[in-house]
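Structural description and commentary
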Amino acid sequence: MKNICSIFVLLTILTVEIFSQSQQSKTIYGFISDSLTGEKLSYVTVTVEKSIVDIRSNQYSYYTVTTNEPLPIKIKFSRYGYNPLVIVVHDTNQTIQRNVSLLSRTFEMPEVLVEGMSNEILLEKHSFGLSTMQIESFKKTPSIGGEMDILKGMQHLAGVLPGQEFSTELHIRGGEQSENTILLDDMPLYNVGHLFGFFSVFNGDVLQEVELFKGAIPANYGGKLSSVLRVTQKEGNKEKFKTQGGISMLTSRLFVEGPISDIGSFLLAGRRTYLDPVLEIAASNEADNFSLYFYDLNLKTNFTLSATDKIFISGYFGRDNLNMSDLNRLSQPDIYYQLVWGNAGYNVRYLKILSPQIFVSSSIIFSDYRSSFYFGDDDITHSTPSITDLIFSLQTDYFISATSTLQFGLSHTTHSFNFVNDFLKLSTNKKMQFLISSKETRGFVSITSYIDEVIRINLGMNVGYFSSGNYIETDPRLSLTYFLNPHQAVNISYTRMHQFIHLFASVDIFSPSNLYYPSTNIVPPENSHQWSLGYTSKFDNGFLGRGNYAFTNEIYYKTINQLPYFKYGSSSISNAEIQSDDVSLGIGLAYGEELSLQFENGRTTINAALTISRTMRKFDNRNNGEAFPANFDRLVQSNILYNYQINQNWNLGAEFVLATGQPFSIPQHLYRLGEFIIDYGRLNSYRSPIYNRLDISATYKFLWIGGSWDLFLSVYNVYNYPNRFFIRYYEGRSTMQSSSIGIIPTVGVNFKF
């Protein structure tokens, strides 16, 4: 309580100081967009001449500059991938609206260093604990089937550990996959994997920007322990109609965008795999009907109602479908199996400029995840876990002065947890079903301010109420950055988080039938405390020669409390309600160091990341009460991405991954006391061998029949290294049999009209 009171006292002092600075000043405000497409650009760096303080446009591309500088006022706008723009303001009015358009930087054959790019690499994304990646950078990364996957791209970042090979799981600073808040246009997604995690649900053609908060998480986010992944869709081209898509060995995509008169724009995209006919042919000896595929649809439209009013509508729908029937090898020709799962959601957002200093956004959001498993012949049984959210949110950005911004907001979410399972009727003639409705209300306040232009402080508080169990939790946030000089900075931050929704997983790997369950009097909210210390620097001459360098080093220490472990198969399944004996609570510990280096000199781009970390778990009734490594723990994870632009037609890419193995348990004894009991001994006391892999890609760009075409070749695991991803253990034998994924070449073509 003392810490909470101290934060509010500091907020009050800062607010009084800010108001005193804001008198007798001039305000310039407006929106920032792409000059070619008319789409809005978020997080653009805005700098007033003679000031070293950088202001950033918000996530909706709105900016406000308040300054006491005499006329004329020069303001610089810069964003990575765009040419910097300087405007000169001569207007004598107290408030001036200036909408700004930036020109995308097209490829040229530079023979010398592109000056100024270093600032963009480092300073524009200068929030510690935040990784912002442009979509174009993902497109240059080698990928299976040429299908750009942002979640696998995120696995290249320092502090992000992957799950199993090919998986889209993200384990961030010691967190489980279910501890990540994943948002698509602010719609929460609970399951982000297609084809059991082989692909992600994000269609790269429709995406504009990706942000990952690992530490110093802003106060407007709450509800999950580890991270926030915010994915933003494009708005649609406001200038002309355009079509693009792609055809590869695994998927096909089509994307259409264009203006709606002169008041808005739209986009519509679809994607589908065609693995089902291939798999059906391959499995024809065992099944008369076998198919596995996914599809998804993306929609977004926006309308400008006036100079101060805008409305956006976003939507997503995706489904996976696995069908098997007439399995001859089971001697049950009439048995039918079907597994269907997917996400659906929409967001209706209204933006309003109340004054040059006050920007308001409000949303109505619907999100639904469900899976259905059907089994049987004439009398089909089924299991259908689902979670549905209905969210109302309101947020206000108050640009108080040139050096300070105040944010505050409220949100209210109705969670509906539904689970039906009538498999039990096969043996007990009983059916299990429950429906739980929980209310979650959150409020937050956050203030960011510069002190003497060398210290940036962010103070915030997120307060959450959860109706199931009547929990009220407070999560303070603190981030303090000190600029040593224009090229170097250090940061210290503290983040506290609470999580009210838990994942009831039947297995350690991805399963679409996993069950989400709310906090109750028996299962309390999880909570975490994270401290981090970071240093970042930019320079233009290093061991790779002259170029633009950006180096970041962060260390973190994180504790997790009330970590639940659900005993799958216990009375929680038969009674449709988790009992005290069904769950045990433990603690987690994660700590490590994250190093990253970016290099760019025009033709060549290199991104290197190194993570040295440990993630431990401890439960009183597991592993004899001793701590053990988490399933995804890796001591060392390193990634190097290389891209070389040969000329305007050819581009080469490569990725090298080197990591220590993941921990696993091996059965030590097998007992039969009415039922089989497996003794694993010490949990996760073994590790798989060192993991390493090299992927390469080549892309040839050309013009044909009025469009732009990309012909690509991508090779996964070039030297066919046998990395273990599945291990079979045979009782009585001293050896293990492992499965691995070898070399996978793919070809395809992308097009734009």
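Per chain, the residues get numbers from 1 upward, laid out in the order the sequence is written. Only residues with pLDDT of at least 70 get local features here, since the model is predicted, and only at 80 or more are side-chain atom pairs given and counted; chain-wide, interface and lining totals rely on the full set of residues. The side-chain numbers reported here are obtained from all heavy atoms of the structure, hydrogens and water having been left aside.

**A look at the overall build of the chain**
The condition is simple: Numbering of helices and strands starts at the N terminus; helices are DSSP runs of H or I of at least 4 residues and strands are runs of E of at least 2. We call a residue buried when its accessible area falls under 20% of the maximum for its residue type, exposed when it is over 50%, and partly exposed in between, using a 1.4 Å probe and counting protein chains only. Two residues form a contact once any of their heavy atoms are found within 4.5 Å. Note on areas: Shrake-Rupley, 1.4 Å probe, and residue coverage restricted to the protein chains presented here.
Of regular secondary structure, the chain possesses six helices and 49 strands. Across the 753 residues that make up the chain, the buried fraction comes to 55%. Considering only residue pairs separated by 6 or more positions, the chain has 63% of its internal contacts joining residues 24 or more positions apart. Carbon and sulfur atoms make up 58% of the accessible area of the chain, which amounts to about 32500 Å² in all.

**Observations regarding empty space enclosed by the protein**
This is how it is decided: Here a cavity means grid points, on a 1 Å grid over the protein atoms only, where a 1.4 Å probe fits yet cannot get out; a pocket means an open set of points with protein on both sides within 12 Å along at least five of seven lines; lining residues are those with an atom within 4 Å of a point. Grid points are joined across faces, edges and corners, and a volume is the space filled by probe spheres set on the points. In this classification, the charged set is Asp, Glu, Lys and Arg, the nonpolar set is Ala, Val, Leu, Ile, Met, Phe, Trp, Tyr, Cys and Pro, and all remaining amino acids, among them Gly, are polar.
This structure, assessed with the given rule, holds four cavities of 30 Å³ or more. Of the voids in this model, the largest cavity is the one considered here, and its volume is about 780 Å³. If you trace the largest cavity, you find 37 residues lining it, with Leu183, Asn220, Gly222, Ile391 and Ser411 closest to the centre. Going through the elements one at a time, β12 (180–184), β17 (227–233), β24 (358–376), β26 (386–401), β27 (404–421) and β28 (432–451) are the ones with two or more residues in the lining of the largest cavity. Here the residues of the lining of the largest cavity sort into 15 nonpolar, 16 polar and six charged. Taken as a whole, the second largest cavity holds about 180 Å³ of empty space.

**So, the pairing of strand β37 (residues 604–619)**
Where we set the bar: Pairing between two strands requires that DSSP report at least two bridges joining them.
Where strand β36 (residues 583–600) and β37 come together, 15 bridges link them in antiparallel fashion. Looking at the pairing, Tyr591 lines up with Arg614 of β37. Hairpin connection from β36 to β37: three residues lie between these consecutive antiparallel strands, with Gly602 at a positive phi of about 105 degrees. Relative to strand β38 (residues 628–629), β37 runs antiparallel, the two being bridged by two bridges. Paired with Arg617 across the two strands is Phe628, which belongs to β38.

**What to know about the sheet that holds β17**
In space, the five strands of this open sheet follow the order β9-β16-β17-β12-β13, with mixed pairing throughout. Lying at the two open borders of the sheet, with one neighbouring strand each, are β9 (130–134) and β13 (187–188).

**Comments concerning the environment of Asn343**
Its location among the elements puts Asn343 in strand β23 (residues 332–355). Assessed through its relative accessible area of 3%, Asn343 is described here as buried. Distance in space between the C-alpha atoms of Asn343 and Phe317 is 5.9 Å, their sequence separation being 26 residues. Setting aside residues up to four positions removed in sequence, Asn343 forms contacts with Leu189, Tyr190, Asn191, Val201, Tyr316, Phe317, Gly318, Arg319, Asp368 and Tyr369.

**Considerations on a nonpolar patch on the surface**
We apply this condition: Only residues above 30% relative accessible area that lack a salt bridge enter a patch, with like-charged residues linked at up to 9 Å and the nonpolar side chains Val, Leu, Ile, Met, Phe, Trp and Tyr linked at up to 5 Å. Salt bridge, as used here: a side-chain nitrogen of Lys or Arg that lies within 4 Å of a carboxyl oxygen of Asp or Glu.
Among the surface-exposed residues, Ile313, Tyr346, Val348, Ile364, Leu390 and Phe392 lie close enough to one another that they form a single nonpolar patch of about 450 Å² accessible area. Looking at the nonpolar patch, the elements that each hand over two or more residues are β23 and β26. Relative to the elements of secondary structure, Ile313 occurs in strand β22 (residues 309–327). Taking relative accessible area as the criterion, Ile313 reaches 32% and is therefore assigned partly exposed.

**What to know about the pairing of strand β1 (residues 26–34)**
The element β1 is extensively covered by neighbouring structure, given that nine of its nine residues are classed as buried. Across six bridges, the pairing between β1 and strand β4 (residues 62–67) is antiparallel. The residue of β4 that forms the bridge with Thr27 is Thr66. In terms of strand pairing, β1 meets strand β7 (residues 95–97) through three bridges, oriented parallel. Following the sheet pairing, Ile28 is matched in β7 by Ile96. Looking at chain direction, β1 and strand β8 (residues 100–102) are connected through three bridges and run parallel. Following the sheet pairing, Ile32 is matched in β8 by Val100.

**Things to note about the pattern of salt bridges**
Enumeration over the complete set of coordinates arrives at 22 salt bridges. Between Glu209 and Arg79 there is a salt bridge, and its shortest N-O distance comes to 2.8 Å. Of this pair, Glu209 sits in strand β16 (residues 207–213) while Arg79 sits in the loop between β5 (73–78) and β6 (85–89), and the two are 130 residues apart along the sequence. Across the pair, exposure class does not vary: Glu209 and Arg79 are buried alike. Salt bridges sharing common partners tie together Arg173, Lys214, Glu554 and Glu594.

**Brief notes about the nonpolar core**
Inclusion rule: Buried Ala, Val, Leu, Ile, Met, Phe, Trp, Tyr and Cys residues form a nonpolar core when they are joined through side-chain atoms within 4.5 Å.
Membership of the largest hydrophobic core comes to 30 residues, with the highest contact counts inside it found for Ile150, Phe202 and Leu229. When contributions to this core are tallied by element, the ones reaching two or more residues are α3 (135–139), α4 (150–154), β12, β16, β17 and β20 (264–273). Filtering out sequence-adjacent residues up to four positions away, Leu229 remains in contact with Leu151, Met154, Leu170, Thr181, Ile182, Leu183, Val210, Glu211 and Leu212. One finds Ile144, Leu195, Leu292 and Ile501 within the second-largest nonpolar core, a separate group that totals 22 residues.

**Let's talk about the packing of aromatic side chains**
Aromatic ring pairs are defined here through the distance separating the ring centres and the angle between the ring planes. Threshold: In summary, the pairing rule links any two rings of Phe, Tyr or Trp, Trp by its six-membered ring, whose centres are within 6.5 Å, and it sorts them by plane angle into stacked for under 30 degrees, edge-to-face for over 60 and tilted for everything else. Each ring is checked for a lysine NZ or an arginine CZ that lies within 6 Å of its centre and within 35 degrees of its normal; such an atom marks a charge sitting over the ring.
Enumeration according to the criterion identifies 32 aromatic pairs in this entry. With a centroid separation of 6.3 Å and 20 degrees between ring planes, the pair formed by Tyr450 and Phe483 is classed as stacked. Of the two residues, Tyr450 is situated in strand β28 and Phe483 in strand β30 (residues 471–485); the sequence distance between them amounts to 33 residues. Judged on exposure class, the residue Tyr450 and its partner Phe483 are both buried. An aromatic cluster is present here, built from Trp650, Tyr700, Phe702, Trp704, Trp709, Phe751 and Phe753 joined pairwise through their rings. Here Arg622 stacks its cationic end above the ring of Phe619, 5.5 Å away from the centre of that ring.

**A closer look at the sheet that holds β6**
Operational definition: Simply put, an axis is a line fit to the C-alpha atoms, just over the touching stretch for a helix, and the angle between two N-to-C directions goes from 0 to 180 degrees.
With antiparallel pairing, four strands are arranged side by side in an open sheet as β3-β2-β5-β6. On the outer flanks of this sheet lie β3 (54–56) and β6, each paired with one strand and no other. Neighbour to neighbour, the strand axes of the sheet diverge by 30 degrees on average, direction disregarded. As paired elements, strand β2 (residues 45–48) and β3 share three bridges and run antiparallel to each other. Looking across to β3, one finds that Thr47 is bridged to Asp54.

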